[in-house]
Every structure is written in C-alpha cells, then in structure tokens.
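# Observations on the model geometry
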Amino acid sequence: MWLNPEEVLLKNALKLWVTVRSNDFFLLQKRRGHGEHTNKITGLLVGALDTVLDSNARVTPFRILLQVPNSQVSWVIASGAAIEEVNKHWDWLVHNLLQSLSVFENKEDAASFVKGKVKGLIAEEVRGRQAAQEEDPEKFREALLKFELHFGLPSSEKLVTYYSCCCWKGRVPRQGFLYLSVNHMAFYSFLLGKEVKFVIPWAEVTRLERVSTALMTEAIRVTTRKRQREFSMFLNLDEAFGVMGQLADITLRRLLDSVGLELDRVLQQTARITKRSGILEEQAIRQYVLALYRLPRSEKLYEVAPCSVWTPHSRSHTAGTLYTTDSYLCFSSREEGSCTLLIPLSEVLSIEKAESTSSLPNPVIVSMRTKKAFQLIDLQDRDDLVESMNSRLRALQWKHSVFRSRKDSRRSVVRMSAKPMLVCFCQSMEPVKERLWDDHFTEFGRGVHMFRTEKIQKLVAMGIPESLRGELWMTFSDACSELDSHQGYYAGLVQKSMGHSNLATDEIERDLHRSLPDHPAFQNPTGIAALRRVLTAYAHRNPKIGYCQSMNILASVLLLYAKEEEAFWLLVAVCERMLPDYFNRRVIGAQVDQSVFEELIRERLPELAEQVPDLSTLSSVSLSWFLTLFLSVLPFQSAVCVVDCFFFQGIKSIFQLGLAVLDANAAQLSACTDDGQALMILTRWVDISQNSCSDTDAPAMRHINITDLISEKFRDLSVRHIERLRCLRRVRVLQAHEDTIKENTLRLVSPDVSISPENLSDLYDLFKVFSPAAWQHGDSGHSFVERQYRLDRPQFKSLYGLLVPWPSGCSQHTDTLSNRTFTLLAPDRDNLVTFKDFASWLDTLYCEELNVKIRFLYRLHIPPALSESEDEPSLRSPLLSTNRPLYVNKETPEVKDYQEQLKQMLQDLVKEKEKDADKPLPLMNQREFIQFCKTLYSMFHGDPEENDLFQAIATVTSLVLQIGEAGHREQTKASEEKPAKPTPSSDGALAPDDEWTVSYAQILASLLTEQALVNFFEKPADLTEKIAQAKQNQYQQRAGLLTLQKGTR
C-alpha cells in the first residue's frame, strides 16, 4: 500500500534491507532474511527481531523508497506483505512517473513532486474505501470544501468525484487534484510556492481523447475552442476517462440537444449525479443494454445480476449476466454474441423460485405463455430480485388488459393489405433454407425468446427464406410485442391521419413513386396506397420526425416481406429504437455514427487512414449506407440480406460491412486524388457485389458475397465498444452543430448592431450559458435557433445585472428596470427574449448616440414597459404588466394589423428598425415622469461626477415640471373655450386634454441644456471590460438563478 513519505537514512537501511530492484529515483527492497532458508547470522537476527516485536510494531517485508541521487536521505513511499503487491506499485511508478522526473533540473523538486503525488494517491485510496463503506465519507466532504473554496462555484454545483493527477504546462507537470462536477471540470495545484487553478465548463469541451507522448506514457487530452490541456498520472486512468466522457456527454445533451436526444429522467436531476450513487455507471450499462437488444429508449434498467441459464441446445448452463428492465428480461453470455436471450414480460406467465440444491443453487423458473420455461441459477439476492420482477410483471399485465378492453370495443373500418407485397406479386420457393430454419426452431425455439447463438448468425448470413423474412424481422426487432400490445393502434392512426395535409404528407406524396420504382409491387395502386398509409400513419404518430427522405425506401422493402400493420411496427422499431436520432432534421444519430465510423477506420484500417488524412470524404460517401441500410447502393437481393443482418445484429452489422467495403478497396482509395474518384471506386465495387441468397444468373465477372463480409470481417467489433465511441464522438458532433448555429446566429445579428465581432461572440457565449432552461418554453412553431437561445425573465435579469453599463445604486430599482426592459424586449406571448433582441438592447446602451439612449430610457417609463402594478417587487408575467396594446398610436388596434407588422418585421428587419425609430412616442404623464427621474438618480450613484450630475438632474427636473405645468395650463384654458377633444395618452387609451403631460422631445431638449448630463451619456462605456467581468461573476449570478428555478418547481 502507499504510505505517507517517511524519511529514513539510506546507510542505516542497508543493514536491515536488501535491494531487489533500483533506478535513479526508486528502490524496491526486501527485509533481510525474509523468505530465506539459509543460516546466515544477519538474517536470523533480523528475523528474530521481527518475531518478538508487537504486531503493531512489526515491519512489512517489502517496501519502496524514493531517493535523491547523491543523497543519503530517502523516503518510504510504499510497503507490502507480498512481493506481488509491491511490484504493482513499482510498475506504476516506472510507467507513470520515471520519465517525467527527468524534466526537473533540481532533483529536490523532483522528490517534492513525487511525495505530493503519493499523498494524492493515498487520499484517493482512502476516499475509495470510505465511499464503499459510508454514505457521505469525511474525505469527500473535505474535498468538496476545497472545491468550493478554490473555485467559488455556486453551492448548487454538485461535485461528482475527484482524482489526483498532473496537469502539463509544456514539459513541466503540475501535481494537483482534478475535480469533476456536473457542469465543470476544475484543476487545482499548489506546488513549490506556485498556485495553478482553472475551470473548464463541460459545455466548452469539444474533444476528449487519450494520447501518448515522449514524456507521457498515457494521458487524457481535453480540447476546448481556445486551448488544449493534458492530464496524466492517474491511479486509474480508465475510470477517470470514462467519467469525464460521460459527464461531458450528459451536459452537452442536456444543454444543446435536450429535445433531440431525450435524457434519462435521473440524469436531468443533476443533484443525484454522483460517483458514489452509481448513476453514471448504471447509465453506461443502460445505454449498452438498449443498444445490444435494441430496446425502446424509454426502458429503465433495474437489476444487473450475474447468473447462469439452462441452454437445452448445449445441455448445460451458460454463465452470463441478467439485465431486467421495465418490460424485458435480457440475458447475455460472458462473450458478447455467443448466446443472448430476450424475454418480453408480455409473454411471461409467471416468475417463481424453485428449491435450491447443491447442483442448482438459487434457481428461478420463468414460465412463458407458450408453455415453455427458462431456468436461471446462481442468482444472488434471489428473493428481492424475484419480487421486483413480479411487481413489474403484474403492472404490465394490468396495463395490457386495460388497453385490450378499450380496443375490443372499437372496430376498424380501414382496409389494409393483409399479405406482404412479395406474396401478392411473385412466388419464391426455397425449401432447403426453410428446412434448415425449421430444424433451428426445433432446437433453439421460435419467437422473440429464442436462443440467439452463432449458429443463427450463420443461418442469417446464408440468407433468410422469403417466406420467413417478415416473421424473423418482427422477431429479431421485437416489433411483434409492440403489435400484440397495441391491437388496433395502427388502424386508428390511419383513420385519424386521413384527409390531413401538411408538409410531411406533401413530401410523402412526392416520394411515393420513387420508392423501388422497378418493382412490380409499387407499379400499381395497391402497393402505393399501402406505402402511403404506413408513412402517413408514422408521421402522425411521431410529428418530431414526421417524414424524412430514405424512409420511403425502407418502408417499401418492409412492405414486401411483412403485412402492412407489421411493416408499420417494423418502421417504428427502426426509427425509434434501432437507429435512434437518425430520422430528424439534424440527423444527429447518423452524424455521430459517421464520426464513430471514422474512428473505427483509424483503429481497424490504419494504413488507409494514413493515406487518406481527411476521412470526412469517405464518411460523406458512407452516410447513405447508414441512412438507407445499403438499400440505395447495393443490388436489391444483396441489400435485403444486409437488412437481414441489420435486424439480427443492429447497427454493428452496418459498421462491419462499411469497414469491409473500405478494406476491399483500400489500395485504390489510397491512390485517389479527389472525392469524385473515391465515389466512383466505391460505386463500381458495390455494383458488382451480390449475395449467396441471390438466384440471379451472374455474368462472368468477379462478385463479392456481401454477407460473408459481415460474418467474417471485423467479427470482433462489439456493441460495447461502439457505445463507448458514441459517447465520446457525440461531444464533437454536438459542438460542431453548436459552432454552426453560433456562426449563423452571429451572421444574422451582426449587420444590425455596431458591437465588434469579438464582443458579439463573447456575448453569445454568455447568453448561451444562461439560456438552457428556455428549452422548456419552446414549441414546434419556432425554428431550432429561436427555441434554443432565448431567455426567460429570471435568466434575463441575471444577465442584466452583469452587463448593464450604469452603476446600480439601488438593487430594488435595478430589479425594477430589468423587469421593464424584459417586458419591452419580449412583448410576445412566449415571454422570451431572443439573442437578436438582447444584442440590439446592448448595442443601444453601449454604441448608440445620446438621443437613442434617452429614447430607450423614455420607452422604459411608458406602457407597456411601465405597468400600473409597479409597486410590486417583481412582475410575474407580462400579462400582469399592462392590458394596453403593443402599438400605442392606434385608437383601436386590430389583431390583423399586429400580425401583418410582425410578419413584415421578420421579412425585412432593416426597414422595421428604421420605421420603429421614426415612430412618434406617446406623451408621458406626471407619474411616469417621476419614475423617469428616479431612474436617472439611481444611475449616477458612484460616478466621479456624482454631485454635478445630481445638481444637473435637479435643474432638468424643475425645467420639465415647469414645461409640463405650462402645457397643462394652456390645455385647461383651451378646454374652457371649446369642448374637450380626447387625445391618445401614453397608455394608448383616450385621455382628456387637461392631463399633465410632457413629450420625448421636451425631455431630450431639457437634458441637452446640462453639459454634465450630456457628458455622462456620451461617455463611451467599455463593453469588452464589462464582458470580462461578467465571465468572472457569471457563476455567482447563476447560483441565485438556479435557486430561484428550483423554488418554482
């Protein structure tokens, strides 16, 4: 075990210890006489001494010393009772530290570095032991206190775990601690009198990777948009890298794509994400199980239990792992793919405990409705496990009974195809293959719960008989369970979607006749009508996806081999479970898999990767392979056999085939000079490919058996490895999308503002930090950019306090002004501020002329910004602030006029801005003018010219009051001479002429009479410095924001 470094004299140590291994900095020593059977007097004396000593004072027989060259002083840093334990520590020191120590010119500094590292390892080991025994270990609390003290993050920022490691600055390592929280990674080091600390938000991480260099045998490189940082010398680098990858993935999915990629509910509750709770590990296992068995994304993982299952075909028990979810029992052998079993709870009759024996310990019997049973043994905590499974079984049975009772009372009037299209238009007899499959069903079972072994994989590679293809696709994907539990659902969808016309139905109609146009099944109204019903029903079921190109090709193939209702549920399985996030506007899932494919090329085809540095060329070609499952590029018979493999193995088979295609053409692709040439090579290759299941007479030319490539090439590729790569690569894909969105947003906003591009980019980043919760307020009627980057009232108020250029003398009045500003910028029903409005507001305050700033302040003190409920501490909703119309110059505003003006604003932003600038402002009454003066007084607190400004505003106030009073007297006199004629007031309603009012022009002219006020408003404000301060203080502002949001839930 590691020890706190304890100083010893080397010359004295040599009398009692024998050096076994050594180098410039470390000695591995054995206690003299230990393990020796000789009669040497020294060994006997030492052995006798160790024997008579009290057990607490006895010395362990092996130890490791840290030594400084040319010094007699050393430090004990590790010890152990067995040579294997000490050798493990020795190997770690040589592997992780020895090379790094050569960079230190002063050997004393090297020794200090090692001692600090060892102390960090000890702290980490202690923390791990305590975490296993206690709910809230003292060491973890101590680390949490240091985390909060060093970095000043809000208390709501949950620390997940921490590691002792080194951060490299050039060739010099800095020993310290890496803290991982739900939203940040932070590093702190204090060594040799120098402090190093920094915080990296996960939202800024663009890449995580493991690297090796001359100085670092293995390290973790964290890349952001501005710099790279490298960390090494972890006690457990695999664990640290896995946790970092998961936290980055979870944070980015939550912040950037929470609609497109639905997170587990537990992960949305960041307070529950801790390393001790096991949630991160459970989430990783859950993602693996969902991918391995292609389960619905809503399935929750409950138990993971080692066990053995009786496999009749091998007449033995097969050891593996049992995974239980909401609706399934899943078993996988220790070797992935060797033997798997999927048992839908909907087909289970009972789960019972059997009598335990020496040969069958803790057995459980799972009885099926088909009068079949499965035996599981070696289950730990069997009683709790069976009770948990039975409770879910009862709930599922009750749910299905209720659903069926409702459906039994409804009869479908929709006519649909009762047979697969292929049966209707052609006949195919394959008696040999059918007989092989019948034999397999007899031995391994039939249906979803059949044993899936390597034998069935070989049968699939030979080609599934056309008479069984639809059934086996339903079995492999478990679409049959969805069909059985949702009787009548498809017919109801078809009936509801009839007669509806929208963008999805228009696209479907356009693509109907492009789906397998050469196949006779889709050259007649029957096939086209069935395809239309399937695609339209799915678009109605899942409006988030609706209809995407390539879905028509896939649905056409499904209709050839399955009944119409079965084809619908197969399409559901592919789009929502087997290829999640592939079929939407941004095809995130497909782009993630393309990035994974590039990484697999580097791993499995390194020579090709060296010759073709830019793998995006190949991935651009392969994108259609993944989206259409090779249906759009391979000959039909070969492509259908690829679909067979896909339903059996999932996306893994597409990765295997893609790698095999590139491997077969590696030499030609390496010699390509442009993208077009590579495309021609791959196109020519797939054109000459075929499958062993094809009955077509082939011409005398070279052919490639596609399914042989899937079953033979790259067989060791595992689902677990693919899921790990997906987790890491999703970070890059989401950040690439974020970069594109940011670029497009800035391009849209920059022409309308005078803020520099650098400041506008920084403002965007700040805006994004505060805006994630705005996802909740989005709706499908808005574009992606509008839904993602908008602020609600609390978020805007937090940013207002950070960026407003004038000092806030009174916090209550500042809160009032931020409320008014929000109401002015967000007058629509959504009650959200867009980044364009936000940038325009700051542009007014920092870059515009004096008259524009005064005009904006004037608007803050008239409706709709100023409300009659101004005395309230906060405005809960813009609906409470005013019942006055947005455009106050119209006596009777119409909804039609407002919609036309809003549409014109969106179509022509520049004209609308000019129009708004020239629009005459309504008059300000006396109450509103008092509020205006109050705001001016609050703006001058802390200014160096504060006294002069107060005198100036007092003079202006007196002047404006005199002007208003004079106008009021004139109006009163005029009203006495002739009948009163109502005029529009600032609230847009008709007001009597004798009310005290002043105009914007009168206030502006009065302000211009005082040079101190002119200087104040014309003095340039440094937006760059304000943004820098806001970045430093954003965490404290967000702390209050998070507390407020939690309180409103």
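Residues numbered from 1 in each chain as written. Predicted model: local features only at pLDDT ≥ 70, side-chain atom pairs only at ≥ 80, totals over all residues. Heavy atoms only, no water.

Within an unreviewed UniProt entry, the label attached to the protein chain reads TBC1 domain family member 8, and the organism entered is Poecilia reticulata.

### Focus: a nonpolar patch on the surface
A cluster of nonpolar residues, V432, L436 and M462, forms a patch on the protein surface that exposes about 240 Å² of accessible area. For M462, a relative accessible area of 36% gives the class partly exposed. (Patch = residues over 30% accessible without salt bridge, like charges linked within 9 Å, V, L, I, M, F, W, Y side chains within 5 Å. Areas by Shrake-Rupley, 256 points an atom, 1.4 Å probe, with all protein chains shown as cover. Salt bridge = Lys/Arg side-chain N within 4 Å of Asp/Glu carboxyl O. Buried < 20%, exposed > 50% of the residue type's maximum accessible area, 1.4 Å probe, protein only.)

### Here we look at the packing of helix α29 (residues 719–749) against helix α30 (residues 757–770)
Pairs of packed helices are described in terms of their axes, by the angle between the two and the distance that separates them. Two numbers describe how α29 lies on α30: the axes approach to 11 Å, and their chain directions differ by 120°. Relative to α30, α29 is oriented oblique. Here α29 runs over α30; the crossing is right-handed. On α30, the residues that touch E738, I741, K742, T745, L746 and V749 of α29 are L760, S761, Y764, D765 and K768. (Axes fitted to C-alpha atoms, helices over the stretch in contact; angles between N-to-C directions. Helix = DSSP H or I, 4+ residues; strand = E, 2+ residues; numbered from the N terminus. Parallel < 35°, antiparallel > 145°, perpendicular 65-115°, else oblique. Left-handed = near helix turned anticlockwise from the far one by under 90°. Contact = heavy atoms within 4.5 Å.)

### So, helix α23 (residues 616–628)
Helix length check: α23 (13 residues) gives 19 Å between terminal C-alpha atoms against 18 Å at 1.5 Å per residue, within 8%. Largest kink in α23: about 35°, centred on S622. Once α23 ends, the next one or two residues include L629, with phi positive near 55°. (Expected span 1.5 Å × (residues − 1). Bend = angle between axes of the 7 residues up to and from the residue.)

### A closer look at the confidence of the model for the protein chain
For the protein chain, mean pLDDT is 79; residues scoring 70 or higher make up 78% of the total. When mean pLDDT is compared element by element in the protein chain, strand β15 (residues 328–333) scores highest at 95, while helix α36 (residues 878–881) scores lowest at 31. Note on residues 871–899: pLDDT is under 50 here. Beyond four places in sequence and across chains, it has 43 contacts. For residues 901–906, every residue scores under 50 in pLDDT, and the model assigns this stretch six contacts once sequence neighbours within four places are set aside. (pLDDT = per-residue confidence, 0-100.)

### What about the side chain of R469?
Note that R469 resides in helix α14 (residues 466–477). Contacts of R469, omitting those with residues within four sequence positions, involve I464, Y561, V640, C641 and D644.

### Examining the sheet that holds strand β13 (residues 301–311)
With respect to topology, eight strands assemble into an open sheet ordered β17-β18-β19-β13-β14-β15-β16-β20, the strand pairing being antiparallel. Looking at which strands have only one partner, the edges of the open sheet turn out to be β17 (348–353) and β20 (452–453). Sheet topology note: the strand β14 (residues 316–325)/β15 ladder contains five bridges and is antiparallel. Bridge pairing links Y323 to C330 in β15. (Pairing = 2+ DSSP bridges.)

### Brief notes about empty space enclosed by the protein
For the structure shown, the criterion picks out seven cavities of 30 Å³ or more. Of all elements in the fold, only α33 (811–825), α34 (835–847), α35 (850–859) and α39 (926–939) reach the threshold of two or more residues within the lining of the largest cavity. Of the voids in this model, the second largest cavity is the one considered here, and its volume is about 120 Å³. As for the second largest cavity, its lining consists of 15 residues, and the residues nearest its centre are A291, M578, I651, E723 and R726. Those elements giving two or more residues to the lining of the second largest cavity turn out to be α9 (279–293), α20 (564–578), α25 (651–664) and α29. Sorting elements by how many residues they give to the lining of the second largest cavity places α29 first, with four residues. (1 Å grid on protein atoms, 1.4 Å probe; cavity = no way out; pocket = protein on both sides within 12 Å on 5 of 7 lines; lining within 4 Å. Points joined across faces, edges and corners; volume = space filled by probe spheres on them.)

### As for the packing of aromatic side chains
A full pass over the atoms with the stated rule returns 42 aromatic pairs. Seen in terms of ring centroids, Y800 and W841 are 5.4 Å apart; in terms of plane orientation they differ by 15°. Their pairing is stacked. Here W841 lies in helix α34 and Y800 lies in helix α32 (residues 793–803), a separation of 41 residues in the sequence. For Y800, a relative accessible area of 6% puts it in the buried group. (Phe/Tyr/Trp six-rings, centres within 6.5 Å; stacked < 30°, edge-to-face > 60°.)

### Details of the sheet that holds strand β7 (residues 172–181)
The strand order across the open sheet built from seven strands is β9-β8-β7-β6-β12-β11-β10, with neighbouring strands paired in antiparallel fashion. Taken across any chain shown, the strands that pair with only one partner, and hence form the sheet edges, are β9 (194–201) and β10 (205–211). This sheet shows a mean twist of 30° between the axes of neighbouring strands, independent of strand direction. Of the pairings in the sheet, the one linking strand β8 (residues 184–191) to β9 comprises eight bridges and is antiparallel in character. Residue pairing across strands places S189 opposite V196, the latter belonging to β9. Sitting on the sheet, helix α6 (residues 138–151) touches β6 (159–169), β7, β8 and β9, and the angle it makes with β6 is about 60°.

### Here's the deal with the nonpolar core
Counting 153 residues, the largest nonpolar core has F231, W437, W473, M551 and L662 as the members making the most contacts within it. What M551 contacts, discounting residues up to four positions off in sequence, is L535, Y538, I545, G546, L571, C575 and F583. Core analysis: the second largest hydrophobic core is formed by 65 residues, L746, L803, L825 and V998 among them. (Core = buried A, V, L, I, M, F, W, Y, C linked by side-chain atoms within 4.5 Å.)

### Quick notes on the packing of α14 against α20
Two numbers describe how α14 lies on α20: the axes approach to 10 Å, and their chain directions differ by 35°. As α14 packs across α20, the resulting crossing turns out to be left-handed. For the pair α14 and α20, contact is made by W473, M474 and S477 and by E566, L570, A573, R577 and M578, respectively. Of the residues that constitute the contact of α14 with α20, the class distribution is five nonpolar, one polar and two charged. (Nonpolar A, V, L, I, M, F, W, Y, C, P; charged D, E, K, R; others polar.)

### Focus on the pattern of salt bridges
Tallied over the entire structure, the rule returns 28 salt bridges. Here R602 and E599 are joined by a salt bridge, their closest N and O atoms 3.6 Å apart. Here E599 and R602 lie together in helix α21 (residues 588–604), a separation of three residues that amounts to about one turn. Via salt bridges that share partners, R210, E218 and D238 belong to a single interconnected network.

### Some thoughts on the pairing of strand β16 (residues 339–344)
Most of β16 sits out of view: six of its six residues are buried. Of the two faces of β16, both are covered, the one formed by C339, L341 and I343 as well as the one formed by T340, L342 and P344. Pairing between β15 and β16: five bridges, direction antiparallel. Bridged to F331 within β16 is L341. Linking β15 to β16, which pair antiparallel, is a turn of five residues; within it G337 sits at a positive phi near 90°. Bridge count for β16 against β20 is two bridges, and the pairing is antiparallel. Across the sheet, C339 pairs through a bridge with T453, a residue of β20.

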